[in-house]
Amino acid sequence: MKISTHSILNANQAVANIAYKTNEVFPIYPITPASEMSELVEQWCSEKKQNSFGNIPSVFQMQSEAGVAGSMHGALQTGALSTTFTASQGLLLMLPNMYKIAGELTPNVIHVATRSIATHALSVFGDHSDIMVVRQSGYAMLGSASVQEAQDFALIAQAATLESRIPFIHFFDGFRTSHEINKIETIQDETIQFMMDQKDIETHRNRALNPNHPVIRGTSQNADVFFQSREATNPVYDMCPDIVQKHMDTFASLTGREYKLFDYVGDLNAEHIIISMASSTETIEDTITYLNKNGEKLGLIKVRLFRPFSTKHLVKALPKSTKSIAVLDRTKEPGSTGEPLYLDIVQSISEAFQNNKIMAFPKIVGGRYGLSSKEFTPSMVQAIFNNIKQEFHFKVREFEWINYFIKLSVKI
């Protein structure tokens, strides 16, 4: 029998609690809307609160997020478990070190309460423009849609990074989720200890730089070997999605809360679906539930693991009856033919169709929503479905007219 306790928390508080219990070194620098997480771990450290290893973590504030990333990188190279919290331009200042941390296959989790990147104006509110900037860095990216998921995924990300060696960004929507107060089932210490595999932790510690066991790391390479070394990480990234799903399954067995890399909800024979991630999926799910009760056949795919992107798991979640797909991105990429999630979905569906993993190629359209926390409502969700259904029916009628003229010419 699973024993559960409940607490009223926001996502910042829930994530900070898990991060504090599963890490040892916290270089921090405050930035809205992630500051609360840094404040909490600093407070707990001053109160001599122990983590799950029975130690009091080290927490120290740097002069900028660039210093945070450098300190975190150094701590990881000593075999410590280190994390931090950030958003927006703060995450961008960490980018040079993130490439190094990922390139050296060093386990690490950065928790991001997403926030708009300042462009024509500064905004402290949330969208996905910050996390989309760092998607080439080599960090895996795991997205939460609610306070409950933010807590749960904070632990799943920590377990997955230790086994896969790929560092993770765990992200959730700034203000929309980070400051949302909700009643959640808290994770027991026994569950944390079970998820944090001691063998993986020891393996990480054994890779630490040590003058008694010297190794060379962070070299300079020329054209003769750099390419080969870069490609050598491919198998590691190929295995990562299955590792994340394995830890999600383990977590489900311990808590009863089940997650998939791509979670499908809606009618099992849905013809029109939306693909999105983070907090928008809650609005979409509620709207779909209502519309399906009134005779519609609609569905939603919630993207949990955005990087490494797994075509295999996406196709598994996609209903065979799908005729049209709307992909929603919470970012704007000026000059691009489409936003990042949309382009990934188009490529994955195309690849699956070419390899006979799906028998029909659905119509796929992309859309933007919610920049800087612009409100995203059920009426907008219904409008999206109305749009993709109209587009699809237009194409069907066009196809039927072509058939009509072919038949007519044969008769003549």
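Residues numbered from 1 in each chain as written. Predicted model: local features only at pLDDT ≥ 70, side-chain atom pairs only at ≥ 80, totals over all residues. Heavy atoms only, no water.

> What should I look at first to understand the packing of aromatic side chains in this one?
One pair of aromatic rings is described through two measures. These are the centre distance and the angle between the planes. Across all of its chains, the model carries 9 aromatic pairs by this definition. Ring centres of tyrosine 20 and phenylalanine 26 lie 6.0 Å apart, and the angle between their planes is 25°; this geometry places the pair in the stacked category. A relative accessible area of 0% means that phenylalanine 26 is categorised as buried. Between phenylalanine 125 and phenylalanine 175 the ring centres are 5.3 Å apart and the planes differ by 50°, which places this aromatic pair in the tilted class. With phenylalanine 125 in the loop between β5 (109–114) and α6 (129–133) and phenylalanine 175 in the loop between β7 (168–173) and β8 (182–186), the pair connects residues that are 50 residues apart, well separated along the chain. Owing to a relative accessible area of 41%, phenylalanine 125 belongs among the partly exposed residues under this scheme. One aromatic cluster is present, formed by Tyr20, Phe26, Trp44 and Phe85 through successive ring pairs. Lysine 49 extends its terminal NZ or CZ atom over the ring of tryptophan 44, reaching a point 4.2 Å from the ring centre. Above the ring of phenylalanine 306, the side-chain terminus of arginine 307 is found at 4.3 Å from the ring centroid. (Phe/Tyr/Trp six-rings, centres within 6.5 Å; stacked < 30°, edge-to-face > 60°. Buried < 20%, exposed > 50% of the residue type's maximum accessible area, 1.4 Å probe, protein only. Helix = DSSP H or I, 4+ residues; strand = E, 2+ residues; numbered from the N terminus. Lys NZ or Arg CZ within 6 Å of the ring centre and 35° of its normal.)

> Honestly, the pattern of salt bridges in this entry has me stumped. Any pointers?
Pairs can form between side chains of opposite charge whenever their charged atoms are close. Overall, the coordinates contain 18 salt bridges when judged by the stated rule. The closest approach of N and O atoms between lysine 246 and glutamate 163, which form a salt bridge, is 2.8 Å. On the criterion of sequence distance, the pair formed by lysine 246 in helix α11 (residues 234–255) and glutamate 163 in helix α7 (residues 147–164) is long-range, its members being 83 residues apart. Arginine 368 is the salt-bridge partner of glutamate 339, the closest N and O atoms lying 3.1 Å from each other. Of this pair, glutamate 339 sits in the loop between β13 (324–329) and α14 (340–354) while arginine 368 is found in strand β14 (residues 363–368), placing the two residues 29 residues apart along the sequence. What emerges from the salt-bridge pattern is a single network uniting Glu149, Asp263 and Arg304. (Salt bridge = Lys/Arg side-chain N within 4 Å of Asp/Glu carboxyl O.)

> Sorry, what's going on with the packing of helix α1 (residues 11–22) against helix α2 (residues 35–46) here?
Packed helices, taken two at a time, are described by the angle between their axes plus the distance between the axes. Packing of α1 against α2 brings their axes to within 9 Å, and their N-to-C directions diverge by 45°. By the criterion of interaxial angle, the relationship of α1 to α2 is oblique. Seen along the crossing, α1 lies across α2 with a hand that is right-handed. Contacts from Asn12, Gln13, Val15, Ala16, Asn17 and Tyr20 of α1 reach α2 at Glu36, Met37, Leu40, Val41, Trp44 and Cys45. (Axes fitted to C-alpha atoms, helices over the stretch in contact; angles between N-to-C directions. Parallel < 35°, antiparallel > 145°, perpendicular 65-115°, else oblique. Left-handed = near helix turned anticlockwise from the far one by under 90°. Contact = heavy atoms within 4.5 Å.)

Take it as geometry only, folks, not as evidence of what the structure does.
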